[in-house]
Amino acid sequence: MKLKAKDDEKHCEECGKPLFGRTDKRFCNDTCRNTYNRQKAAREAVKAHENLPEIFRAIKKNYEILQTYGLHKLRKDEFVYIETNALLDKGFNFKFFTSQYMDNKGTRYNCCFELGWEENPADNCFLGWFPRQAIL
C-alpha cells in the first residue's frame, strides 16, 4: 500500500513513505529500491521482446529467399548476381540479418546464418555462401 506524502516533503518512489536524511534520497530502504528496480527491469524486458516474433519472421523469410538461389552449391569465393529489385519483389528485407562477413578486400556482407549478400546493394546484389568459421 503506497502512502501519500505532503507536497513539501520528499517521499519514497516505491511505497510513498516520507524520506529523511540525504536530499537526493529516492527510496526509504533497500527493499523498496530493489522492488522498484526489479519491476522496472521487468517492464523494460517485456517491451524489448514484443517485436521478437516479427524479427524472427523477417530473418526466416530472408533465409528462405536466399535458399531458393542454390547458394549452398557454390564454392567459397563464388557469388550469384541478382537484381536487388528481384529480391525486394520476393519480400526480402535488407535490414534483417544474423551476422556480418568481411572478405580480404574489405567488402562487408550481411548474412542470414551462412547465406549472405553485399552490405550496400545498389541496383544489383551479389549473393554468396559463407563457411561458418568465416562469419564474424
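Residues numbered from 1 in each chain as written. Predicted model: local features only at pLDDT ≥ 70, side-chain atom pairs only at ≥ 80, totals over all residues. Heavy atoms only, no water.

1. Let's talk about the side chain of N62
One can find N62 in helix 2 (residues 52-67). Those residues in contact with N62, other than ones at most four positions away along the chain, are G91, F92, N93, F96 and C112. (Helix = DSSP H or I, 4+ residues; strand = E, 2+ residues; numbered from the N terminus. Contact = heavy atoms within 4.5 Å.)

2. Considering the side chain of E114
Positionally, E114 belongs in the loop between strand 3 (108-112) and strand 4 (115-118). Take E114: its relative accessible area is 16%, and that puts it in the buried class. Only 2.8 Å separates the side chain of E114 from the side chain of Y63, close enough to count as a polar contact. There is a polar contact of 2.6 Å between the side chain of E114 and the side chain of H72. (Buried < 20%, exposed > 50% of the residue type's maximum accessible area, 1.4 Å probe, protein only. Polar contact = N/O pair within 3.5 Å; in protein donor to acceptor, adjacent residues only side chain to side chain.)

3. Topic: the pairing of strand 2 (residues 99-102)
Residues of strand 2 alternate between two faces, with S99 and Y101 buried on one and Q100 and M102 left unburied on the opposite face. Of the pairings in the sheet, the one linking strand 2 to strand 3 comprises four bridges and is antiparallel in character. When the sheet's bridge partners are listed, Y101 is paired in strand 3 with Y109. Adjacent in sequence and paired antiparallel, strand 2 and strand 3 are bridged by five residues, among which G106 carries a positive phi angle near 90 degrees. (Pairing = 2+ DSSP bridges.)

4. Details of the packing of aromatic side chains
All chains considered together, the criterion is met by eight aromatic pairs. For the pair F97 and W117, a centre-to-centre distance of 6.3 Å together with 80 degrees between the ring planes defines the contact as edge-to-face. Here F97, found in the loop between helix 3 (84-89) and strand 2, pairs with W117, found in strand 4; they are 20 residues apart in sequence, far enough to count as distant. A relative accessible area of 0% means that W117 is categorised as buried. Put simply, the rings of F92, F94, F97 and W117 touch in pairs and so form one group of aromatic residues. (Phe/Tyr/Trp six-rings, centres within 6.5 Å; stacked < 30°, edge-to-face > 60°.)

5. Describing helix 2
Residue pairs three or four apart in sequence face the same way in an α-helix, which turns once every 3.6 residues. Compared with the 22 Å implied by 1.5 Å per residue over 16 residues, the 22 Å span of helix 2 between its first and last C-alpha is a close match. Every buried residue of helix 2 is accounted for by A58, I59, N62, Y63, I65 and L66. Considered in projection along helix 2, the buried side chains sweep an arc of 165 degrees and stay on one side of the axis. Along helix 2, exposed side chains directed more than 90 degrees from the buried face belong to E54, F56, R57 and K60. Of the surrounding secondary structure, the elements contacted by the buried residues of helix 2 are helix 3, strand 3, strand 4 and strand 5 (124-129). (Expected span 1.5 Å × (residues − 1). Arc of directions from axis to C-beta.)

Any functional reading would require information beyond the geometric quantities listed.
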